[in-house]
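Analysis of the macromolecular model
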Amino acid sequence: MRNDPPLRLAILGSGSGSNCKAILEAIDTKKLPARAVVVMSDRPDAGILRVAAKFGVPTTIIDGGSKRSSLDPATERKLARELRGLETDYVVLAGFMRLVRQPLLDAFPRRILNIHPSLLPDFPGLEAWRQAIEAGVPKSGCTVHFVDAGMDTGEVIARAEVPVLDGDTPESLHARIQVAEHKLYPEVLRQLAAQPRPAGRT
Ligand code: GRF
């Protein structure tokens, strides 16, 4: 049996942090052989920072810079240095509302993951659950994928389906999708933890 050290995860988010909580619970209950080395947010008031504090995980605020939907290249370079310094195996985007670009993508090739609330490639972008309701599809779900320079376009790792029910609102569908997310993300990380550590870890 292999005896790898725990997978070292850096979790980045802008929101309430329910996916982060699911991952940290999986670590705490030994279902996921990993360690969260940091939780980072571009929003100083984000719930994800309180989630991290409850689990005793160190937190950092990312300087949002001048653009709303991406990071300044200098900030990304700094972030890449910090994440490398923490010997991060995987950067886990969990509701991080900014696009990640070249300096960071180059620093962590196929080592940045995201979870998206639709069955990609359907409904990339914002409020995917609302897009699904408006399109009238019978099912939706969530997708964990590697991050590339596009918006929700990276290689798919795993998906989980949920039904769209009669009378669903965008909110009720999102709540059902989130239940699936909270199982899928820790499970994907568990599978990655069972594989040899990614090349490039320093
Ligand atoms: C999730 O629905 C995720 O799919 C999307 O952003 C949301 C984050 O929610 N990328 P939370 O902060 O993990 O609760």
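The text that follows walks through the structure, step by step, so that each part is easy to find. These figures come from a predicted structure and were not determined experimentally.

What follows deals with the packing of helix α5 (residues 128-135) against helix α6 (residues 170-193). Interhelical geometry of α5 versus α6 gives an angle of 120° and a closest axis separation of 9 Å. The orientation of α5 relative to α6 falls into the category oblique. Seen from above, α5 lies across α6 with right-handed handedness. Contacts between α5 and α6 involve Trp129, Arg130, Ala132 and Ile133 from the first element and Pro170, Glu171, Leu173, His174 and Ile177 from the second.

The next thing to look at is the pattern of salt bridges. All told, the structure shown has 9 salt bridges when counted by the stated rule. Here Lys139 makes a salt bridge to Glu161, at a shortest N to O gap of 3.3 Å. With a gap of 22 residues between them, Lys139 in strand β6 (residues 139-146) and Glu161 in strand β7 (residues 156-163) connect regions that are remote in the sequence. By relative accessible area, which is 54% here, Glu161 ends up exposed. If you follow the salt bridges from partner to partner, you end up with Glu127, Arg130 and Glu171 in one network.

Note on placement: Arg111 falls in the loop between α4 (102-107) and β5 (112-116). Of the side chains with opposite charge, Asp89 comes closest to the buried, unpaired Arg111, at an N-O distance of 4.9 Å. Within the structure, the side chain of Arg111 is placed 2.7 Å from the backbone oxygen of Thr88, a separation counted as a polar contact. A polar atom in the side chain of Arg111 sits 3.0 Å from the backbone oxygen of Asp89.

What surrounds the ligand is the set Gly15, Ser16, Gly17, Ser18, Asn19, Gly95, Ile115, His116, Pro117, His174, Gln178 and Glu181. Within the contact set of the ligand, an oxygen atom lies 2.8 Å away from a side-chain nitrogen or oxygen of Ser16. The contact in question runs from a nitrogen atom of the ligand to an N or O atom on the backbone of Ile115, over 2.9 Å. Protein contact buries 88% of the 370 Å² of open area that the ligand shows by itself. Residue composition of the shell around the ligand, by class: 2 nonpolar, 9 polar and 1 charged.

Read from one edge of the open sheet, 7 strands run β3-β2-β1-β4-β5-β6-β7, paired in mixed fashion. The sheet terminates laterally at β3 (59-61) and β7, the two strands that pair on one side only. Each neighbouring strand pair of the sheet contributes to a mean axis angle of 20°, computed without reference to strand direction. Where β6 meets β7, 7 bridges bridge the pair, whose relative direction is antiparallel. Bridged to Ser140 within β7 is Val162. Most of the contacts of helix α2 (residues 47-54) go to strand β2 (residues 34-41), to which it runs at about 145°, and overall it touches β1 (7-12), β2 and β3.

Taken together, the buried positions of α5 are occupied by Ala128, Trp129 and Ala132. Buried positions in α5, seen along its axis, are confined to an arc of 105° and lie on one side of it. Buried residues in α5 make contact with β5, β6 and α6. Where α5 ends, the next residue or the one after it, Gly136, has phi of about 70°, a positive value.

What counts, and at which threshold
- Residues numbered from 1 in each chain as written.
- Predicted model: local features only at pLDDT ≥ 70, side-chain atom pairs only at ≥ 80, totals over all residues.
- Heavy atoms only, no water.
- Axes fitted to C-alpha atoms, helices over the stretch in contact; angles between N-to-C directions.
- Helix = DSSP H or I, 4+ residues; strand = E, 2+ residues; numbered from the N terminus.
- Parallel < 35°, antiparallel > 145°, perpendicular 65-115°, else oblique.
- Left-handed = near helix turned anticlockwise from the far one by under 90°.
- Contact = heavy atoms within 4.5 Å.
- Salt bridge = Lys/Arg side-chain N within 4 Å of Asp/Glu carboxyl O.
- Buried < 20%, exposed > 50% of the residue type's maximum accessible area, 1.4 Å probe, protein only.
- Lys, Arg positive; Asp, Glu negative; His and termini not counted.
- Polar contact = N/O pair within 3.5 Å; in protein donor to acceptor, adjacent residues only side chain to side chain.
- Near = heavy atom within 4 Å.
- Areas by Shrake-Rupley, 256 points an atom, 1.4 Å probe, with all protein chains shown as cover.
- Nonpolar A, V, L, I, M, F, W, Y, C, P; charged D, E, K, R; others polar.
- Pairing = 2+ DSSP bridges.
- Arc of directions from axis to C-beta.

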